[in-house]
Amino acid sequence: MLKSKHIDRLCLAVIGVAVLVTLAFMNGERFGLAPASAEPGYATRLFDASRVHTIDIEIDDWQAFLAAAPEEQYWSADLVIDDERIDNVGLRAKGNNSLRLTEDYGHERYSLKVEFDHFAAQNYHGLDKLSLDASFQDNTYMKNWLAFDMMRFMDGPTPLASYSWVTVNGEPWGLFLAIEEPEEAFARRVYGRDHGQLYKPDYKRLSDDNADVHLRYTGDDPALYENIFRNAKFDVSDADKARLIAALKILDSGDNLETAVNIDEVLRYFTVQVFVVNLDSYLGRTGHNYFLYEKDGILEILPWDYNLAFATYSLGMPDPVNDSTLYVNYPINTPASGEIMRQRPLYHHLMQDDAIYARYHELFDQLISGYFESGRFEQVVSETQRMIAPYVEQDPTAFCSGEDFHLAVQTIRDFCMLRAESVRGQLEGEIPSTIAAQSADSSRFVDAASVWLPDMGELADLEALR
């Protein structure tokens with residue numbers, strides 16, 4: 001009898017454990033416990049890119065939030081994402097120049113950051129943080145969308161994105177692009193649970209040297225790399241710092257680069273980066289707007305922030321308003337002046353190696369043939385335009401009219417197709433592919449005089465950005 005009683009208790013305990021395991025399996029993704037072999041739950045929910053989602057922000061005093069937006073402080077808000085409620089999330093405005101210029105231009109349509117675990121231990125089906133991009137200076141609503149799609153086509157590690165119709169306390173606020181913020185959830189999704197370190201190098205003042213943001217080795221003291229380490233996404237140990245500095249030292253030497261750089265991944269990144277003529281980037285004067293990943297002393301560079309890509313940021317360039325022919329034919333082999341290139345070792349030092357240089361051209365051919373000449377690009381643009389047009393046309397805080405939007409979409413379509421034509425000519429030697437050669441002979445350029453770049457969005461106030 002006693003034996004039977006123990007067996008009964010054991011059976012009940014086993015059943016209880018089974019129920020708990022089942023519940024954990026069914027609901028685990030809410031706590032970031034999705035199986036390692038599966039996409040996290042948020043990837044097929046909010047980041048289902050085939051439709052426009054809905055996000056309602058419930059906040060006590062929206063006007064007070066907007067008034068305090070430049071302070072970039074987190075406020076508590078409740079979110080309803082596609083009818084699913086998440087209470088007490090952190091919400092703040094985001095951006096560098098875009099944040100300041102939005103205010104200067106008298107707008108209140110700020111890009112936003114949503115941090116699910118800022119005030120409470122929670123996440124959205126495994127997601128810890130997302131951005132809501134306001135399409136500042138982007139009448140196409142597609143610059144980030146298309147750049148990320150190209151990166152994914154090239155098999156580069158890329159944040160997920162989808163369009164969302166945002167309301168505030170039930171009232172329409174506008175169409176935003178929801179973007180997976182590269183933090184813990186992103187790192188787990190892309191690199192697995194045993195991921196490495198993630199940084200977003202950025203300067204405090206553009207007037208400083210910012211050698212660390214440019215990934216230049218300047219010595220072994222970690223204090224020399226403050227702009228990297230203070231922008232780490234995870235806690236940084238002394239060993240983490242030592243590994244990254246050692247990688248930069250190898251990069252600086254130009255030798256044995258494969259021991260410090262994931263060369264193929266970096267080349268895939270630069271292929272897209274150069275194609276979209278993103279001058280507010282690592283290859284531009286600012287040298288920022290990217291994420292840096294390091295594991296076991298190997299570096300990767302990840303995409304971020306393309307609202308001024310497609311030649312719509314021309315700080316320090318000749319005829320900064322609309323030299324569309326110059327930018328359509330922008331050289332793929334020297335995508336910046338020698339002064340800048342010599343300060344960008346992650347591109348410059350790799351391109352000194354003949355085999356790496358040849359691989360870069362192979363990848364460019366892959367992008368042009370597979371994404372543009374195949375018709376994929378035009379299909380993506382057309383399908384996206386059809387999907388979001390009804391929302392853009394009724395967007396109450398839009399930076400442009402519906403008519404402006406359709407004109408901008410046609411402009412980015414024309415720019416990219418002409419750009420692809422020029423890159424094909426550069427790869428085949430018919431069009432010069434360096435700044436020096438183009439300065440000597442521009443007679444074979446693809447003519448892009450019909451493309452008016454400002455139609456993609458107002459250019460930034462250049463003096464304000466200097």
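To be clear, the structure that these remarks concern was listed above.
Only a predicted model underlies this, so the values are computations on that prediction, with no experimental measurement involved. (Residues numbered from 1 in each chain as written. Predicted model: local features only at pLDDT ≥ 70, side-chain atom pairs only at ≥ 80, totals over all residues. Heavy atoms only, no water.)

### Some remarks on empty space enclosed by the protein
Next up, step 1: The tally for this structure, following the rule as stated, stands at two cavities of 30 Å³ or more.
Next up, step 2: A volume near 60 Å³ is recorded for the largest cavity.
Next up, step 3: Contributing to the lining of the largest cavity are Lys94, Ser131, Asp133, Asn144, Phe148, Ile179, Trp304 and Asp305.
Next up, step 4: Put simply, the parts of the chain that give the lining of the largest cavity at least two residues each are β5 (129-133) and α5 (143-153).
Next up, step 5: Grouping the constituent residues of the lining of the largest cavity by class yields three nonpolar, two polar and three charged.
Next up, step 6: Estimated volume of the second largest cavity: approximately 50 Å³.
Next up, step 7: Every residue along the wall of the second largest cavity is listed here: Gln273, Val274, Val277, Asn278, Leu279, Ser281, Leu283, Tyr330 and Pro335.
Next up, step 8: In terms of residue class, the lining of the second largest cavity is made up of six nonpolar, three polar and no charged. (1 Å grid on protein atoms, 1.4 Å probe; cavity = no way out; pocket = protein on both sides within 12 Å on 5 of 7 lines; lining within 4 Å. Points joined across faces, edges and corners; volume = space filled by probe spheres on them. Helix = DSSP H or I, 4+ residues; strand = E, 2+ residues; numbered from the N terminus. Nonpolar A, V, L, I, M, F, W, Y, C, P; charged D, E, K, R; others polar.)

### As for the packing of aromatic side chains
The geometry of an aromatic ring pair is captured by the separation of the ring centres together with the interplanar angle, meaning the angle of the planes.
Next up, step 1: Scanning all chains against the criterion turns up 26 aromatic pairs.
Next up, step 2: A ring pair is formed by Phe136 and Phe399, whose centres lie 5.6 Å apart and whose planes are at 80 degrees; its orientation type is edge-to-face. Linking Phe136 in the loop between β5 and α5 with Phe399 in the loop between α14 (376-392) and α15 (402-427), this pair joins segments that are 263 residues apart in sequence.
Next up, step 3: The class for Phe399 is partly exposed, based on a relative accessible area of 24%. (Phe/Tyr/Trp six-rings, centres within 6.5 Å; stacked < 30°, edge-to-face > 60°. Buried < 20%, exposed > 50% of the residue type's maximum accessible area, 1.4 Å probe, protein only.)

### Some points on the sheet that holds strand β10 (residues 298-303)
Next up, step 1: Across the sheet, three strands lie side by side as β8-β9-β10; this open sheet has antiparallel pairing. The open sheet has two edge strands, β8 (197-199) and β10, and neither has a second partner. For this sheet the average axis-to-axis angle between neighbouring strands, irrespective of direction, equals 25 degrees.
Next up, step 2: Where strand β9 (residues 290-295) and β10 come together, six bridges link them in antiparallel fashion. Within the sheet, the bridge partner assigned to Lys295 lies in β10 and is Ile298. (Pairing = 2+ DSSP bridges. Axes fitted to C-alpha atoms, helices over the stretch in contact; angles between N-to-C directions.)

### Observations regarding the sheet that holds β5
Next up, step 1: Pairing in this closed barrel of seven strands is mixed, and the strands run β1-β2-β3-β4-β5-β7-β6 around the ring. Each adjacent strand pair in this sheet contributes to an overall mean axis angle of 40 degrees, direction not counted.
Next up, step 2: Examined bridge by bridge, strand β4 (residues 112-115) and β5 share four bridges and lie antiparallel to one another. Residue pairing in the sheet places Glu115 in a bridge with Lys129 of β5.
Next up, step 3: Where α5 meets the sheet, it contacts β5, β6 (161-168) and β7 (171-180), and its direction lies at approximately 155 degrees from that of β6.
Next up, step 4: Lying on the sheet, α14 is in contact with β6 and β7; it crosses β6 at an angle near 10 degrees. (Contact = heavy atoms within 4.5 Å.)

### Quick look at the side chain of Glu294
Next up, step 1: For Glu294, the position within the fold is in strand β9.
Next up, step 2: A relative accessible area of 0% places Glu294 in the buried class.
Next up, step 3: A polar side-chain atom of Glu294 sits 2.8 Å from a polar atom in the side chain of Arg243.
Next up, step 4: Looking at Glu294, its side chain comes within polar contact range of the main-chain nitrogen of Gly297, at 2.7 Å. (Polar contact = N/O pair within 3.5 Å; in protein donor to acceptor, adjacent residues only side chain to side chain.)

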